[in-house]
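What follows is each chain in one-letter form.
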Amino acid sequence: MHASNQRSATTALFDAAPTESPVDVLRRVWGYPAFRGKQADVIRHVMAGKDALVLFPTGKGKSLCFQLPGACLPGVTVVISPLVALMRDQVEELKALGIAAECLWSQQSEEESRDVRARLRAGQIKLIYVTPERVVLPGFAGLFGDVPISLIAIDECHCVSSWGHNFRKDYLGLGKLKELYPGVPRIALTATADPHTRDDIIRQLELDDAAVFGDSFDRPNITYHIAERDNARSQLIRFLQRHEGSSGIVYCLSRRKVEETAAWLNDHGIKARPYHAGMDPAVKAENQDAFRMEEDLCLVATVAFGMGINKPNVRYVAHLDLPSSVEGYYQETGRAGRDGLPSEAFMIYGMQDIVQRQRMIDEGDATDEIKRIERAKLSALLGICETAGCRRKAILSHFGEAAPDRCGNCDTCNNPVETWDGSESSIKALAAVYRTGERFGTAHVIDVLLGKDTERTRKFGHDQLAVFGVGKELPAHAWQSIFRQLLALGYVRVAHDEYGALKLEPAAHRVFKKEVAVILRRDAVDTVRKRERGKPVVAATRARLTDEDEKLFQALRAERLAISKTLGVAPYVVFPDTTLVSFATVRPKTEQEMLSISGVGATKFARYGEKFMAIIAGG
Ligand code: ADP
Ligand code: ZN
C-alpha cells in the first residue's frame, strides 16, 4: 500500500491525542467497544514497563496485547515472530488500521529494506516485526539510531520449548534478550496450555519476574464432533456440504492422501487445494495465499500447514486421520473460528488409526522413555474419542481445567450417546483374545467371535474353541467399537513387535472376575447422518441472518472482495465477517452509526466507510 498515506494517517491518529487512554485508542483505532477477557490487565501491565507471559487460547486476542501498547508507547516495539507469513499478515492488518508497522526479512528487496531502516531511525515506525535470529545479531539495536525500544514482544513463544510441537532452534537465542536489552519490558505470548511447556518458556526466556496471565482454554464457539470411520469420503463430503461457501482445513496424515483427497474433492464439486511440505515451494505458497484470499476454499493439508494461519474466518477443521495427541488436536482445531463465530471441528477415526499409530510409536527410534510418553498421549486422545460424556469437558480436563458436565455444543451433548453395560460382551471379547493366544489382531479375533469359517480360523483350529461364534448377537462393527473402547479403557493393548496382536492388560482380570462393570458407548450410528435428517446446519456465520439480511451480507462480501483485490490484501484485513454481519443486521446509515459497529475504526471508516454505507442504503 501507499507508505506516505500510512505515515500521515498514523501521525494524525497518535499525535493529536497523546493522553488518550488505552480503551479510547481501542475504540477509535480498532473500532472495538471493549477489551476482551484479560487484555486490559495485560496492556496496563506492559505499559507500566513490566514483563508478562500471556497464555490465552487462540482467538482470545493475544496480538492486541502488544499491538496496542506498541501503537501508544513512545519509541518502537519489536515483535518477534517465527514465520514471515504471520508477520506480513499482522503488518497488513496494522497498516489497514493506520498504524505504522513494518517487517524486516531476508527476502525483502534492497530498496524496501532501506526504506524501512530509514523510517526506523527517523522514529516513524511504531511496530517492527522481525525473525528471532535477526534480533540477537550484533548491531540490531543500532538500526534504531536514537529511537528507544519500548517493548519486545515474543509471539508464539512456545517455539522456545523442545517439549511442545513447533520447536525452533532460533528461539533459544532469545534467552539473551534480557541481557541485550536491559530494562526493556518483554511480553511473551502463546496458546499452548501444557504446564511443562510453560515452565520451559519461563526458564528459557528468563521470564522469572514476569506476571503470568492465563485465561480459560475453552473455545465455546467451536462445536466438537468425532465420528467412527464408516466411509471416510462420503462422511467428509456430507460434512463439507454443510459448510458450503466457507473456508476450512482438512488434515490428513500423509502427503499422498492430501493430494488424493484434494483431487477427489475437486471432482466432486468442492473447491479444494493441497498443502504439504513436499510440494514445489511456489505452488505451496500459491495455495497458502489462495487460502488467505478466498472465502470458500477447502485446504487439504498435512500438519505442515499451521502456525502461519492468521485467517480469522476458518469455519471448520476436519481430521481424516487421528491427530498426534490431544495437544495437537486442540491446536489444529483451534485454527477454526478465531473471529468468535460458530465453527466446527470434525474428526473421523477407526481401529486402523490406532493400530497404525501404535506401530509408528513402537517402530520409531525414540528412547523407551519417549515411547512411554507417546503411548500415554495416544491413550489420552483415545479417551476423548471414546468418551460417552461431553467432549469439551474431556478435552479441558486433559488440560487441567474444570468444566460443566454438559457444554451443549459437541456431538455427545447434542446427540447424547447411549451407554450400555458391556460387561458380558467385554468378557467374550477378552476371552477371545486370550483363547487365541494373544497373537492376533482385531480382524481375526472378531472373525472368531462371529464364528466365521475362514482359512485362518480353520488353520489355527480356532473353529474348535469354546469362544468360536459366541459373539453372533452383535455385528462386526459393534465388535470393532468394543475393542476400541477396551483399548481406550486400558483392558487391552496392541503389540507391534507382533504384527498388531491384541494383548490383555493386567486390568482385564478384573473384568473376567466381574469386579468392574464395563460401561460402553453405543456408537454404531454416524451422528452426521443422524443430524442430517433433522435441520441441516447451514454455513454457521449466516445461520442467524434472515433472507433479506443474507442478500445484503452477500453484497457487502462482494464489495469487500473487490476492495481487497484492489489493495492486494486478504478480505478479512478490510473488515472481518463479524463486522459485515453487523452491517447486514444493524444497517448503519450515518457515520456515527457506522463507527459504533465493532471493527470500524477511524482509518477504516475514512478509507471504505462510504462504499459500504452506499451498499447498505441500497440494500
Ligand atoms: P490470538 O492471537 O489470541 O489467536 P488474535 O489476536 O488473532 O487472537 O485475535 C483474534 C481476533 O479477535 C482478531 O480478528 C482480532 O482483531 C479480534 N479481537 C481482538 N481483541 C478484540 C476485542 N477486544 N474486541 C473485538 N475483537 C477483538
Ligand atoms: Zn459437550
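Residues numbered from 1 in each chain as written. Chains lettered and ligands numbered in written order. Predicted model: local features only at pLDDT ≥ 70, side-chain atom pairs only at ≥ 80, totals over all residues. Heavy atoms only, no water.

- For the chain, an unreviewed UniProt entry supplies the name DNA helicase RecQ and the organism Ciceribacter ferrooxidans.
- UniProt's Sequence similarities (unreviewed entry) comment on the chain is quoted here verbatim: "Belongs to the helicase family. RecQ subfamily."
- Here the chain is described in UniProt, under the heading Catalytic activity (unreviewed entry), as follows: "Couples ATP hydrolysis with the unwinding of duplex DNA by translocating in the 3'-5' direction." (UniProt positions renumbered as here; feature names shortened; annotations may be inferred.)

**Quick word on the overall build of the chain**
Point 1. Secondary structure summary: the chain contains 29 helices and 17 strands in total.
Point 2. The C-alpha radius of gyration of the chain comes to 27 Å, within 12% of the 25 Å expected for a compact globule of 619 residues.
Point 3. Its C-alpha atoms give the chain principal-axis dimensions of about 90 × 60 × 45 Å.
Point 4. The 619 residues of the chain split such that 54% are buried.
Point 5. Here the analysis covers contacts within the chain between residues at least 6 apart in sequence; of these, 73% occur between residues at least 24 apart.
Point 6. Total accessible area on the chain is roughly 26400 Å²; 51% of this is exposed by carbon and sulfur atoms.
Point 7. Here the chain holds 82 positive side-chain charges and 80 negative ones, and the gap between their average locations is 1 Å. (Helix = DSSP H or I, 4+ residues; strand = E, 2+ residues; numbered from the N terminus. Rg over C-alpha atoms; globule rule 2.2 N^0.38 Å. Buried < 20%, exposed > 50% of the residue type's maximum accessible area, 1.4 Å probe, protein only. Contact = heavy atoms within 4.5 Å. Areas by Shrake-Rupley, 256 points an atom, 1.4 Å probe, with all protein chains shown as cover. Lys, Arg positive; Asp, Glu negative; His and termini not counted. Charge placed at Lys NZ, Arg CZ, Asp CG, Glu CD.)

**What about the packing of helix H25 (residues 547-567) against helix H29 (residues 602-618)?**
Point 1. Running from amino to carboxyl end, H25 crosses H29 at an angle of 155°, the nearest separation of the two axes being 10 Å. As summarised for this structure, H25 and H29 are arranged roughly antiparallel, according to the angle between their axes. By crossing handedness, the relation of H25 to H29 is classed as right-handed. Contacts between H25 and H29 involve Leu552, Ala555, Leu556, Glu559, Arg560, Ile563 and Leu567 from the former and Tyr608, Lys611, Phe612, Ile615 and Ile616 from the latter.
Point 2. Each residue belonging to the contact of H25 with H29 can be placed in one class, and the counts come to nine nonpolar, no polar and three charged. (Axes fitted to C-alpha atoms, helices over the stretch in contact; angles between N-to-C directions. Parallel < 35°, antiparallel > 145°, perpendicular 65-115°, else oblique. Left-handed = near helix turned anticlockwise from the far one by under 90°. Nonpolar A, V, L, I, M, F, W, Y, C, P; charged D, E, K, R; others polar.)

**A word on the UniProt feature "domain: HRDC" (unreviewed entry) in the chain**
Point 1. Mapped onto this numbering, the UniProt entry gives "domain: HRDC" (unreviewed entry) at residues 546-619.
Point 2. The span residues 546-619 shows a helical share of 77% and a strand share of 0%, and its end C-alpha atoms are spaced 13 Å apart.

**Some details on the packing of aromatic side chains**
Point 1. Enumeration according to the criterion identifies 12 aromatic pairs in this entry.
Point 2. Ring plane angle 85° and centroid distance 5.5 Å describe the contact between Phe291 and Phe305, whose orientation is recorded as edge-to-face. Of this pair, Phe291 sits in helix H13 (residues 281-293) while Phe305 sits in the loop between strand S11 (298-301) and strand S12 (314-319), and the two are 14 residues apart along the sequence.
Point 3. Taking relative accessible area as the criterion, Phe305 reaches 2% and is therefore assigned buried.
Point 4. Here the aromatic cluster, defined as three or more aromatic residues joined through ring pairs, consists of Phe575, Phe583, Tyr608 and Phe612.
Point 5. Here the basic side chain of Lys311 rests over the ring of Phe291, its NZ or CZ set 5.0 Å away from the ring centre. (Phe/Tyr/Trp six-rings, centres within 6.5 Å; stacked < 30°, edge-to-face > 60°. Lys NZ or Arg CZ within 6 Å of the ring centre and 35° of its normal.)

**Observations concerning helix H15 (residues 351-363)**
Point 1. The end-to-end C-alpha separation of H15 is 18 Å, in line with the 18 Å expected for 13 residues at 1.5 Å each.
Point 2. Taken together, the buried positions of H15 are Met351, Asp353, Ile354, Val355, Arg357, Gln358 and Ile361.
Point 3. Buried residues along H15 sit against strand S13 (343-349), helix H16 (368-385), helix H20 (442-450), helix H22 (476-488) and strand S15 (492-495). (Expected span 1.5 Å × (residues − 1).)

**Examining the site of ligand 1**
Point 1. Residues in close proximity to ligand 1 total 13 residues, the closest being Tyr32, Gly59, Lys62, Ser63 and Arg338.
Point 2. Note that an oxygen atom of ligand 1 is positioned 2.6 Å from one of the backbone N or O atoms of Gly59.
Point 3. Lys62 places a polar side-chain atom, nitrogen or oxygen, 2.8 Å from an oxygen atom of ligand 1.
Point 4. Taken by itself ligand 1 offers 560 Å² of open surface, and the protein chains cover 85% of this.
Point 5. Of the residues belonging to the shell around ligand 1, the class tally is four nonpolar, five polar and four charged. (Near = heavy atom within 4 Å. Polar contact = N/O pair within 3.5 Å; in protein donor to acceptor, adjacent residues only side chain to side chain.)

**Let's talk about the coordination of the zinc ion (ligand 2)**
Point 1. With distances of 2.3 to 2.4 Å, the protein atoms coordinating the zinc ion (ligand 2) are Cys390 (SG), Cys407 (SG), Cys410 (SG) and Cys413 (SG).
Point 2. Every donor counted, the four donor atoms about the zinc ion (ligand 2) form angles of 102 to 118° at the centre, which fits tetrahedral coordination.
Point 3. Expressed as a motif, the donor residue spacing for the zinc ion (ligand 2) is C-x16-C-x2-C-x2-C. With a gap of 17 residues between them, Cys390 in the loop between H16 and helix H17 (391-398) and Cys407 in the loop between H17 and helix H18 (411-414) connect regions that are remote in the sequence. (Donors = N, O, S within 2.8 Å, 3.2 Å for Na, K, Ca; no water. Tetrahedral: all angles 85-135°; square planar, octahedral: opposite > 155°, others 65-115°.)

**A closer look at the sheet that holds strand S5 (residues 149-154)**
Point 1. Read across the open sheet, the seven strands follow the order S3-S4-S2-S5-S6-S1-S7; overall the sheet is parallel. Edge strands, defined here as strands with exactly one partner in the open sheet, are strand S3 (101-103) and strand S7 (211-214). Strand-to-strand twist across the sheet, computed as the mean angle between neighbouring axes with direction ignored, equals 20°.
Point 2. Across the sheet, helix H3 (residues 39-47) touches strand S1 (52-55), S5, strand S6 (186-190) and S7, and the angle it forms with S7 is around 160°. (Pairing = 2+ DSSP bridges.)

**Quick notes on H20**
Point 1. Most of H20 sits inside the fold, with eight of its nine residues counted as buried.
Point 2. All of the buried residues along H20 are Thr442, His444, Val445, Ile446, Asp447, Val448, Leu449 and Leu450.
Point 3. At its buried positions, H20 is contacted by H15, helix H19 (423-435), helix H21 (455-459), H22 and strand S16 (501-504).

**Considerations on the pattern of salt bridges**
Point 1. The tally for this structure, following the rule as stated, stands at 38 salt bridges.
Point 2. Close ionic contact of Asp89 with Arg292 constitutes a salt bridge, the shortest N to O distance being 2.7 Å. Placement of the pair is Asp89 in helix H5 (residues 84-96) and Arg292 in helix H13, with a sequence separation of 203 residues. Accessibility classification places Asp89 together with Arg292 in one group, the buried group.
Point 3. One continuous salt-bridge network, built from bridges that share partners, spans Asp89, Glu92, Asp289 and Arg292. (Salt bridge = Lys/Arg side-chain N within 4 Å of Asp/Glu carboxyl O.)

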